[in-house]
Amino acid sequence: MAVTADIGLIGLGTMGSALALNIAENAAPIAVWNRTTARTHAFHAEAADLAPRITPCDTLEALVAAIRPPRAIILMVPAGQAVDDQLAALTPYLAADDLVIDAGNANFHDTNRRARAGLSFHFLGMGVSGGEEGARHGPAIMGGGEKADWDRVAPILTAIAAKHETEACADWMGPEGAGHFVKAVHNGIEYADMQMIAEVYGMMRDGFGLPAPAIGTTFERWNNGVLQSYLIEISAAVAAATDPLTGAAMLDVILDKAGQKGTGRWTAIEAQHLAAPIPVIEAAVAARNVSARLDERKAGEAVYGPAPERLPAGMLSEADLEAALTAGKILCYAQGFTMTAAAGPAFGWNLQLPAIARVWRAGCIIRSAMLDDMAQALTEDPARNLMLAPLFTAHLKRSLPALRRVVSAAALHGHAMPALSAGLAWFDAMRTACGTANMIQAQRDFFGAHGFERLDGADRPHGPWAMA
Ligand code: 6PG
């Protein structure tokens, strides 16, 4: 079989198909293979004008033969066992200098394991963000593995990636699972951004009594300001949408029970391992789990009555909610980046925070105007918590009073705002030099003789404890 392609792709599901078309259109001729041959040919037929740049292959052997050596093959199959199975199936056909790129949402621990497994070919783990639209017209790409392997495919990956102004949102994050780790943090932040937007939506719906289209108009307005972002933009669109079946607002016919594939959870778990606090993200993951417990929530409402009350007139304004969301967002990203900073030394990776912020500026789900400012602040000082960067201290000083008003009003009137509340509590803890862990240390010493440090430095490792 003749060599017809510069790269191959396995897995023609939604994301794989979109990525293959993007590559065919913007980067290189591509060979594709799917587990079901009918899908491979249907994809080729649907590719229309791009079909001549695509070689549909019926077998893995044919796929490998169609790619110019040293080969590069992208895997876009479900994360987990399917990736291991696919790597095993490819092994007999690949040469030592061929390269396989796992572009699914792998757990970065799996990518670490695969990178260290002694595969007979080269291997990259690559986080791809942006959903189907991003994959087709420009995703953000976070690569991990050997830098030389990344460099080999970088021309294709930067050609298909989203562009911030002229800069491609595709970069090498570090060795082994570094790309998938950064993608997991992205997804943790994605969960938190979505949750905080849902919380202010809830306040407008239940606290202000606004209908969904009016809330959509507010989100649309916010999207012209400091909160400009893809997630605010789509929140405006979903709030404005009408259900074709009933004519009601689309949001009002959707069950409030959220699913998840687990990437946000991985971030929360990893943060615990790293002792890196990310309470806003943890709250967002927990909120999804709470949402899923619909039967228990119904039982709770039956006993205690529904919680969210309409707010007294004038208690909060939409501007308060906008400012609270701004503060929450800064605090959440400050947590995400400090967690990433902790991961570098823990895994032996030299993670570059400014480069991460730059890659997230376009193409990915969390893209926003604020990320450009974050990239700048992190470039000035990558080691500094964003909460202390002058640009963001100015934002926070302006918006914190509103976050306080919103969280207090929510608490007083029964609106669950776990992520925004967690952001505020973290902020107050992080700007308090004299906290309350002295009590924790005394308790630990009391029951376990764990010892403590004294403020005056005097040498007395244990307290004079006695039970009254
Ligand atoms: C992206 C998204 C995507 C993710 C979905 C679903 O960056 O394009 O993060 O990769 O798979 O958003 O995630 P959940 O099912 O966990 O919400």
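The coordinates are above.
Parameters at a glance
Residues numbered from 1 in each chain as written. Predicted model: local features only at pLDDT ≥ 70, side-chain atom pairs only at ≥ 80, totals over all residues. Heavy atoms only, no water. Helix = DSSP H or I, 4+ residues; strand = E, 2+ residues; numbered from the N terminus. Rg over C-alpha atoms; globule rule 2.2 N^0.38 Å. Buried < 20%, exposed > 50% of the residue type's maximum accessible area, 1.4 Å probe, protein only. Axes fitted to C-alpha atoms, helices over the stretch in contact; angles between N-to-C directions. Parallel < 35°, antiparallel > 145°, perpendicular 65-115°, else oblique. Contact = heavy atoms within 4.5 Å. Nonpolar A, V, L, I, M, F, W, Y, C, P; charged D, E, K, R; others polar. 1 Å grid on protein atoms, 1.4 Å probe; cavity = no way out; pocket = protein on both sides within 12 Å on 5 of 7 lines; lining within 4 Å. Points joined across faces, edges and corners; volume = space filled by probe spheres on them. Pairing = 2+ DSSP bridges. Phe/Tyr/Trp six-rings, centres within 6.5 Å; stacked < 30°, edge-to-face > 60°. Lys NZ or Arg CZ within 6 Å of the ring centre and 35° of its normal. Arc of directions from axis to C-beta. Core = buried A, V, L, I, M, F, W, Y, C linked by side-chain atoms within 4.5 Å. Near = heavy atom within 4 Å. Polar contact = N/O pair within 3.5 Å; in protein donor to acceptor, adjacent residues only side chain to side chain. Areas by Shrake-Rupley, 256 points an atom, 1.4 Å probe, with all protein chains shown as cover. Right-handed = clockwise from strand over helix to strand, strands pointing away.

## A look at the overall build of the protein
Looking only at helices and strands, one finds 19 helices and 10 strands in the protein. A globule of 468 residues ought to have a C-alpha radius of gyration of about 23 Å, and the protein, at 25 Å, matches this closely. For the C-alpha atoms alone, the extent of the protein along its principal axes is close to 85 × 65 × 45 Å. Sorting the 468 residues of the protein into buried and exposed places 50% on the buried side.

## Thoughts on the packing of helix 8 (residues 178-207) against helix 11 (residues 263-274)
In the contact formed by helix 8 and helix 11, the axes pass within 7 Å of each other and the chain directions differ by 105°. Classified by the angle between their axes, helix 8 and helix 11 sit roughly perpendicular to one another. Contacts between helix 8 and helix 11 involve Phe-181, Ala-184, Val-185, Asn-187, Gly-188 and Tyr-191 from the former and Thr-263, Gly-264, Thr-267 and Glu-270 from the latter. The residue inventory of the contact of helix 8 with helix 11, partitioned by class, reads four nonpolar, five polar and one charged.

## Side note on empty space enclosed by the protein
Considering all chains together, one arrives at one cavity of 30 Å³ or more under this definition. There is about 60 Å³ of room inside the largest cavity. Taken together, Asp-193, Ile-197, Leu-227, Ser-229, Leu-231, Ile-232, Leu-325 and Lys-329 make up the lining of the largest cavity. Breaking the lining of the largest cavity down by element, the ones donating at least two residues are helix 8, helix 10 (230-240) and helix 14 (318-347). By residue class, the composition of the lining of the largest cavity is five nonpolar, one polar and two charged.

## Observations concerning the sheet that holds strand 1 (residues 7-10)
Strand order in the open sheet formed by eight strands is 3-2-1-4-5-6-7-10, and the pairing between neighbours is mixed. The sheet is open, and its two edges are formed by strand 3 (54-56) and strand 10 (170-174), each paired on a single side. Averaged over all pairs of adjacent strands, the angle between their axes in this sheet comes to 25°, without regard to strand direction. As judged from the three bridges shared by strand 2 (residues 30-33) and strand 3, these two strands associate in the parallel manner. Paired with Val-32 across the bridge in strand 3 is Pro-56. Packed onto the sheet, helix 2 (residues 37-46) meets strand 2 and strand 3 and runs at close to 155° relative to strand 3.

## Quick notes on the packing of aromatic side chains
Under the criterion given, the structure shown has 10 aromatic pairs. An angle of 65° between the planes, with centres 5.9 Å apart, marks the rings of Phe-181 and Phe-347 as edge-to-face. With Phe-181 in helix 8 and Phe-347 in helix 14, this residue pair connects regions lying 166 residues apart in the sequence. Classification of Phe-347 by relative accessible area gives partly exposed; the value is 22%. Centroid distance Phe-347 to Trp-349: 4.8 Å. Interplanar angle 40°. Geometry classified as tilted. Classification of Trp-349 as buried rests on a relative accessible area of 4%. Members of the aromatic cluster, connected to one another through ring pairs, are Phe-108, Phe-181, Phe-347 and Trp-349. Sitting over the ring of Tyr-191, Arg-288 keeps its end group 3.6 Å from the ring centre. The side chain of Arg-367 reaches across the aromatic face of Tyr-230, ending 4.1 Å from its centre.

## Quick notes on helix 4 (residues 81-90)
All of the buried residues along helix 4 are Val-83, Gln-86, Leu-87 and Leu-90. Down the axis, helix 4 shows its buried residues gathered within 100° of arc, on one side only. Exposed side of helix 4, more than 90 degrees from the buried face: Gln-81 and Ala-88 are the residues found there.

## Some remarks on the nonpolar core
Within the largest apolar cluster, 86 residues are counted, with the highest numbers of intra-cluster contacts made by Phe-219, Phe-337 and Trp-360. The element contributing the most residues to this core is helix 8, with 13 residues. If we skip the residues at most four places from it in the chain, Trp-360 touches Met-142, Val-182, Val-185, His-186, Ile-189, Phe-337, Ile-366, Arg-367, Ser-368 and Leu-371.

## Topic: the site of the ligand
Around the ligand, 15 residues are found, and the nearest of them are Ser-129, Lys-183, Glu-190, Tyr-191 and Arg-288. Within the backbone of Lys-261, an N or O atom sits 2.8 Å from an oxygen atom of the ligand. About the coverage of the ligand: the protein hides 80% of its 410 Å² of free accessible area. No other element matches the five residues that helix 8 contributes to the shell around the ligand. Class assignment of the residues belonging to the shell around the ligand gives a composition of two nonpolar, nine polar and four charged.

## Focus on the pairing of strand 2
By the alternation rule, side chains of strand 2 split into Ile-30 and Val-32 and Ala-31 and Trp-33, which are all buried. Where strand 1 and strand 2 come together, four bridges link them in parallel fashion. Its bridge partner being in strand 2, Gly-8 is matched across the sheet by Ala-31. A crossover links strand 1 with its parallel partner strand 2, the connecting element being helix 1 (residues 14-26), and its sense is right-handed.

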